[in-house]
Amino acid sequence: MFQLRTLEDLSATELDTILYEAGRFAAGEMANETINATVANLFFEPSTRTKVSFEKAEHELGLHIISFDAATSSVTKGETLYDTVKTLEAIGCNAAVIRHPEQKYYEQLEGVTIPVINAGDGAGDHPTQSLLDLLTIQQEFLFFQNLTVVICGDIRHSRVARTNAGILRKLGARVLFSGPAEWMDDTITEGSFVSMDEAVRTADVMMMLRIQTERHDGTADWTKEEYHARYGLTENREAAMKPGAIIMHPAPVNRDVEIADRLVECSRSRIFKQMANGVAVRKAVLTHALKLKEEAK
Ligand code: CP
C-alpha cells in the first residue's frame, strides 16, 4: 500500500512520475481525473499553504473531503492518533493527510490500512513540500545535477531542510548550508557550511528558512534586525547573486528577518510559484495514492 511518510517511501520511478504529472497539472496539460474516494485531512499543527492546497487539490479531483478538527474531536478526550485514524478508516475514509507536531508520528499507525500522506511531522519531514520545491527547481533549471542549492537559516528545527537536503543530494545537486552555527545539524550539515556572503556568490538556489520559534526552548539570541544583518538575505546580498539564480522559501515568511521585505516578490523570487505548485504536486500525490489503492483491491 502506498504511504508517503518520507521521500524514502518513493521509488525513483514514483518520484519521476509524480514530478512529471505535477508538472503537467501545473502547466494545465493534464485533465483532472474525478476520483470517487474520501480523504480526511487531519492537521494537529497550524497550516495555511499545506492544508489549503491539499483541500484545493482534493476539490479539483472531485474527492469527498473530511476536514477533521482536532480541537472539537475525541482527541480532547484522550483518543489516540491510531484510534482516530482507525475510526476514520472504519467510517469510510480512503486516505488520510496528517500534520502532527510529533516527529515520526506515523510509526504509531502501523495497523492502518489506508494511505497516510505526511503533511509534516514535527522537525522530521515534509515530503510534499520537498516535492513542490523539486518541481519549482526543475521548472527553472530542468536538471538537479551540479546545481548549487544553499539552505539558509534555522536548519536544526526545519523539516523542510532535512527532507530537501537528502533528496537534492540524491539527485546530484551540491547542497550547502548557511546560518547561525548553533542552528546547524551535524547529521546533515557537516562539512557543507558557508557564510551568507559566500552563499549568495555561489548559489543557483537560495533556499531561505523561517526561524521556527515554536520549536525553540530559549529566548532569541538576536534582535530581528541583528539576525537580518548577519544571516538574512538582504537587498545588498541579493545584488551579489549570480544571474539566473533564484530565491525560494517554504513560507510563512518573516519579512525583514530571514529575507528583506522587497525580495519576497522580486524577479528572482519563486516563493508564490512554490505555493501554486503545491496544488499540482498534491494532486499528483493523491492521484497516485488512490489509484494504487484501487488497483490493489
Ligand atoms: N510551507 C508550509 O508548510 O506552510 P504551512 O505551514 O502554512 O502549511
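Quick note: structure is the one above.
Residues numbered from 1 in each chain as written. Predicted model: local features only at pLDDT ≥ 70, side-chain atom pairs only at ≥ 80, totals over all residues. Heavy atoms only, no water.

**Overview of the site of the ligand**
- What surrounds the ligand is the set Ser47, Thr48, Arg49, Thr50, Arg99, His126, Gln129, Pro250 and Ala251.
- Threonine 50 has a polar side-chain atom sitting 2.6 Å from an oxygen atom of the ligand.
- Protein chains shield 90% of the accessible area of the ligand, which is 260 Å² for the free molecule.
- Partitioned by chemical class, the residues of the shell around the ligand number two nonpolar, five polar and two charged.
- Built from parts of two domains, the shell around the ligand gets at least three residues from each of domain 1 (7-124 + 276-296) and domain 2 (127-270). (Near = heavy atom within 4 Å. Polar contact = N/O pair within 3.5 Å; in protein donor to acceptor, adjacent residues only side chain to side chain. Areas by Shrake-Rupley, 256 points an atom, 1.4 Å probe, with all protein chains shown as cover. Nonpolar A, V, L, I, M, F, W, Y, C, P; charged D, E, K, R; others polar. Domains from an automatic or database assignment.)

**Details of the packing of aromatic side chains**
- Enumeration according to the criterion identifies seven aromatic pairs in this entry.
- Note on tyrosine 105 and tyrosine 106: the rings are 5.5 Å apart at their centroids and 70° apart in plane angle, and the pair reads as edge-to-face.
- Relative accessible area serves as the criterion here: at 0%, tyrosine 105 is assigned to the buried category.
- Centroid distance tryptophan 183 to tyrosine 227: 5.9 Å. Interplanar angle 35°. Geometry classified as tilted. One end of the pair, tryptophan 183, is in the loop between strand 6 (174-178) and helix 6 (186-189); the other, tyrosine 227, is in helix 8 (residues 224-231), and 44 residues separate them in sequence.
- Judged by relative accessible area, which is 10%, tryptophan 183 ranks as buried.
- Site record: aromatic cluster; members linked through ring pairs are Trp183, Trp222, Tyr227 and Tyr231. (Phe/Tyr/Trp six-rings, centres within 6.5 Å; stacked < 30°, edge-to-face > 60°. Buried < 20%, exposed > 50% of the residue type's maximum accessible area, 1.4 Å probe, protein only. Helix = DSSP H or I, 4+ residues; strand = E, 2+ residues; numbered from the N terminus.)

**With respect to the sheet that holds strand 8 (residues 246-248)**
- Strand order in the open sheet made by the four strands is 6-5-7-8, with parallel pairing throughout. The open sheet is flanked by strand 6 and strand 8, the only strands paired with a single partner. Taking each pair of neighbouring strands and ignoring which way they run, the sheet shows an average axis angle of 20°.
- As paired strands, strand 5 (residues 148-152) and strand 6 are joined by five bridges and run parallel to one another. By the bridge assignment for strand 6, valine 149 is matched with valine 175.
- Relative to strand 6, helix 5 (residues 159-170) is tilted by about 150°, and along the sheet it contacts strand 5, strand 6 and strand 7 (205-208). (Pairing = 2+ DSSP bridges. Axes fitted to C-alpha atoms, helices over the stretch in contact; angles between N-to-C directions. Contact = heavy atoms within 4.5 Å.)

**Digging into the pattern of salt bridges**
- For the coordinates displayed, the defined rule picks out 16 salt bridges.
- Put simply, lysine 56 and glutamate 60 hold a salt bridge, and the shortest N to O gap is 2.3 Å. You can see lysine 56 and its partner glutamate 60 sitting in helix 2 (residues 49-60), four residues apart, about one turn around the helix.
- With a closest N to O distance of 2.7 Å, glutamate 238 and arginine 268 form a salt bridge. Separated by 30 residues along the polypeptide, glutamate 238 in helix 9 (residues 235-239) and arginine 268 in the loop between strand 8 and helix 10 (271-295) bring together distant segments of the chain. This pair shows no difference in class: glutamate 238 is buried, exactly as arginine 268 is.
- By sharing partners, the salt bridges in this structure join Lys56, Glu60 and Lys283 into a single network. (Salt bridge = Lys/Arg side-chain N within 4 Å of Asp/Glu carboxyl O.)

**A closer look at the sheet that holds strand 1 (residues 38-43)**
- Strand order in the open sheet formed by four strands is 2-1-3-4, with parallel pairing between adjacent strands. Bordering the open sheet on either side are strand 2 (64-68) and strand 4 (116-121), each of which pairs with just one other strand. Mean inter-strand twist for the sheet, computed between neighbouring axes without regard to direction, equals 15°.
- In this sheet, strand 2 lies alongside strand 1 in parallel orientation, the contact comprising five bridges. Across the sheet, the residue bridging to valine 39 is isoleucine 65, located in strand 2.

Remember that the coordinates give geometry; whether it matters functionally is a separate question.
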